[in-house]
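# Chain and residue survey
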Amino acid sequence: MTLAPVLDQIDQDLDTATERLFDLLRIPSISTDPAYKEDCDKAADWLVNELSDLGFEASKRPTPGHPMVVAHGEGPDDAPHVLFYGHYDVQPVDPLELWDNPPFEPALEDTPKGKVLRGRGTSDDKGQLMTFVEACRAWLKVHGKLPVKVSFFFEGEEESGSPSLVPFMQENAAELKTDIALICDTGLFGEETPAIVTRLRGLLGEEITIHGPSKDLHSGMYGGISINPTRVLAKIIADLHDETGRIQVPHFYDDVAELPDDIKAQWDALGFDASQFLGEVGLSVPAGEQDRTPLEMIWSRPTCEVNGIEAGYTGDGFKTVLPAQATAKISFRLVSGQDPFAIRENFRAFVESRLPEDCTVTYKPHGASPAGEMVTSNPAFKAAQKALSDEWPRPAAFVGCGGSIPIAGHFKTILDMDAMLIGFGKDDDQLHSPNEKYDLECFHKGIRSWARVLAELA
Ligand SMILES: [Zn+2]
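Summarised in this report is the structure supplied together with it. (Residues numbered from 1 in each chain as written. Predicted model: local features only at pLDDT ≥ 70, side-chain atom pairs only at ≥ 80, totals over all residues. Heavy atoms only, no water.)

Looking now at the overall build of the protein chain. Assigned secondary structure in the protein chain consists of 14 helices and 18 strands. By the compact-globule yardstick of 23 Å for 458 residues, the protein chain fits well, its C-alpha radius of gyration being 25 Å. Dimensions of the protein chain along its principal axes, counting C-alpha atoms only, are 85 × 50 × 50 Å. In the protein chain, buried positions account for 51% of the 458 residues. (Helix = DSSP H or I, 4+ residues; strand = E, 2+ residues; numbered from the N terminus. Rg over C-alpha atoms; globule rule 2.2 N^0.38 Å. Buried < 20%, exposed > 50% of the residue type's maximum accessible area, 1.4 Å probe, protein only.)

Distances from the zinc ion to its protein donors, namely His87 (NE2), Asp124 (OD), Asp185 (OD) and Asp185 (OD), fall within the range 1.9 to 2.5 Å. The coordination sphere of the zinc ion comprises 4 donor atoms, whose angles at the metal cover 52 to 141 degrees; the geometry is irregular. Mapped onto the sequence, the donors of the zinc ion take the spacing H-x36-D-x60-D. Here His87, found in strand 3 (residues 81–87), pairs with Asp124, found in the loop between strand 5 (114–118) and helix 4 (126–143); they are 37 residues apart in sequence, far enough to count as distant. (Donors = N, O, S within 2.8 Å, 3.2 Å for Na, K, Ca; no water. Tetrahedral: all angles 85-135°; square planar, octahedral: opposite > 155°, others 65-115°.)

Let us look at the packing of aromatic side chains. A ring pair, where both rings are aromatic, is described by two values, the distance of the centres and the angle of the planes. Inspection of the entire model under this criterion finds 22 aromatic pairs. Pairing Phe84 with Trp450 gives two aromatic rings, centres 5.8 Å apart and planes at 85 degrees, and the pair type is edge-to-face. Of this pair, Phe84 sits in strand 3 while Trp450 sits in helix 14 (residues 440–457), placing them 366 residues apart in sequence. Judged by relative accessible area, Phe84 falls into the buried class, the value being 0%. Judged by centre distance (4.9 Å) and plane angle (75 degrees), the rings of Trp267 and Trp299 are edge-to-face. Of this pair, Trp267 sits in helix 8 (residues 261–269) while Trp299 sits in helix 10 (residues 294–299), and the two are 32 residues apart along the sequence. Of the aromatic side chains, those joined through ring pairs into one cluster are Phe56, Phe84, Phe132, Phe152, Phe154, Trp392, Phe424 and Trp450. Over the ring of Tyr363 we find Arg348; its NZ or CZ atom is 4.3 Å from the centre of that ring. (Phe/Tyr/Trp six-rings, centres within 6.5 Å; stacked < 30°, edge-to-face > 60°. Lys NZ or Arg CZ within 6 Å of the ring centre and 35° of its normal.)

This paragraph deals with the packing of helix 2 (residues 14–25) against helix 3 (residues 37–53). Put simply, helix 2 and helix 3 touch, their axes get as near as 10 Å, and they point 150 degrees apart. Classed by the angle they form, the pair helix 2 and helix 3 counts as roughly antiparallel. Every residue of helix 3 that contacts helix 2 at Arg20, Asp23 and Leu24 is listed here: Ala43, Trp46, Leu47 and Glu50. (Axes fitted to C-alpha atoms, helices over the stretch in contact; angles between N-to-C directions. Parallel < 35°, antiparallel > 145°, perpendicular 65-115°, else oblique. Contact = heavy atoms within 4.5 Å.)

What follows concerns the pattern of salt bridges. One pass over the full model with this rule turns up 37 salt bridges. Its salt-bridge partner being Asp428, residue Lys113 comes within 3.3 Å of it at the nearest N-O pair. Of this pair, Lys113 sits in the loop between strand 4 (107–111) and strand 5 while Asp428 sits in the loop between strand 17 (419–422) and strand 18 (437–439); the two residues are 315 residues apart in sequence, bridging distant segments of the chain. For Lys113, a relative accessible area of 62% puts it in the exposed group. Note that Glu206 and Arg344 form a salt bridge whose closest N and O atoms lie 3.1 Å from each other. Taken together, the residues Glu206 in strand 9 (residues 202–211) and Arg344 in helix 11 (residues 340–352) connect sequence positions 138 residues apart. (Salt bridge = Lys/Arg side-chain N within 4 Å of Asp/Glu carboxyl O.)

Okay, here's the thing in structure tokens:
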């Protein structure tokens with residue numbers, strides 16, 4: 001089965017593909033607001049109908065929240081089986097007055113940077129999920145079948161914390177497990193470099209409270225003779241990093257692997273502009289580990305940050321108090337290999353070794369999730385990289401993601417499968433904000449990209 005006529009079909013069909021996407025965009029499937037429950041249901045039905053029309057065995061699956069959509073297609077036995085994930089729910093639209101057009105009346109708009117699809121969900125995630133559906137449509141129209149076996153898994157609660165996702169995946173693990181998952185909910189790197197996210201940082205949160213005197217004290221009466229927990233806390237926080245930015249918690253880096261040379265070369269070739277990145281938030285100098293590149297700092301190195309401090313009197317005016325306690329919220333972004341629970345223990349030992357006489361510490365843990373790293377030796381990654389590089393002006397890169405994308409971790413831990421995160425959004429898509437948009441070119445090339453990925457995977 002040849003690819004060229006499939007790509008031609010996609011080019012010819014772009015207008016009607018856009019119309020179909022607009023149909024889905026007109027359904028206000030805001031998952032977090034109970035007022036839109038029926039609309040979420042309608043969006044699920046819309047997808048079931050669409051996939052059924054294309055010949056997939058599609059069904060809407062109830063959950064305690066909004067329904068899932070699952071669909072299965074036919075494919076050659078000797079080709080891999082892929083599971084495509086996306087979400088049909090969207091973020092709320094307020095403040096409504098900041099929208100130039102009503103959010104659920106999607107429109108094609110001319111802008112100085114080209115044509116864009118405007119409306120809630122255009123980029124996150126209805127426009128993105130439809131890139132894959134349309135790619136399948138084109139293959140089926142031209143060849144009557146797909147080059148690989150395809151299943152779909154759509155969620156309707158992604159924008160509201162995915163409460164039903166894990167139980168559903170556990171209950172339906174056998175049905176959902178395939179050779180690899182494809183997730184389309186991320187973006188390009190810059191304007192024209194397609195990206196496959198292969199590493200996601202984990203997160204460990206810990207709240208510590210240093211206790212000293214049995215009550216708040218007057219600094220005239222007790223200042224000088226009594227210990228001040230705020231000073232103890234400040235000293236602990238100051239000790240967390242050395243002058244080169246390296247974290248001082250014992251054994252913190254023991255299981256952190258060096259970035260492989262080929263990945264490092266890919267990242268160096270991306271031409272990441274740290275001063276522009278920092279300039280957008282009023283900064284100029286990368287402040288992480290000084291012997292690391294800026295991309296390593298945000299993608300492949302672990303961090304320790306203080307997210308909040310509370311102690312003493314912080315209201316208007318002034319009060320000469322020696323507080324009885326001082327609290328800090330501290331989080332660690334973790335990378336592959338690091339065990340969040342071991343790090344929590346080592347961090348606590350680090351704190352306790354710095355406690356002076358008369359001070360004690362209490363802890364409140366706030367989540368501990370490991371980082372994810374995809375096994376990129378899986379041939380599917382190379383195949384997708386080639387497919388994307390063929391479509392876009394610049395070669396595709398395996399990139400990191402400083403945050404966490406829980407669904408990718410769930411595929412790994414619940415279904416024991418790797419996920420390829422490939423998306424065509426841009427930084428200025430205004431996700432979750434008024435006037436969300438998706439470049440028409442991203443939609444078009446996104447469809448073509450998936451058509452190529454399917455061909456390469458076969
Ligand atoms: Zn999304």
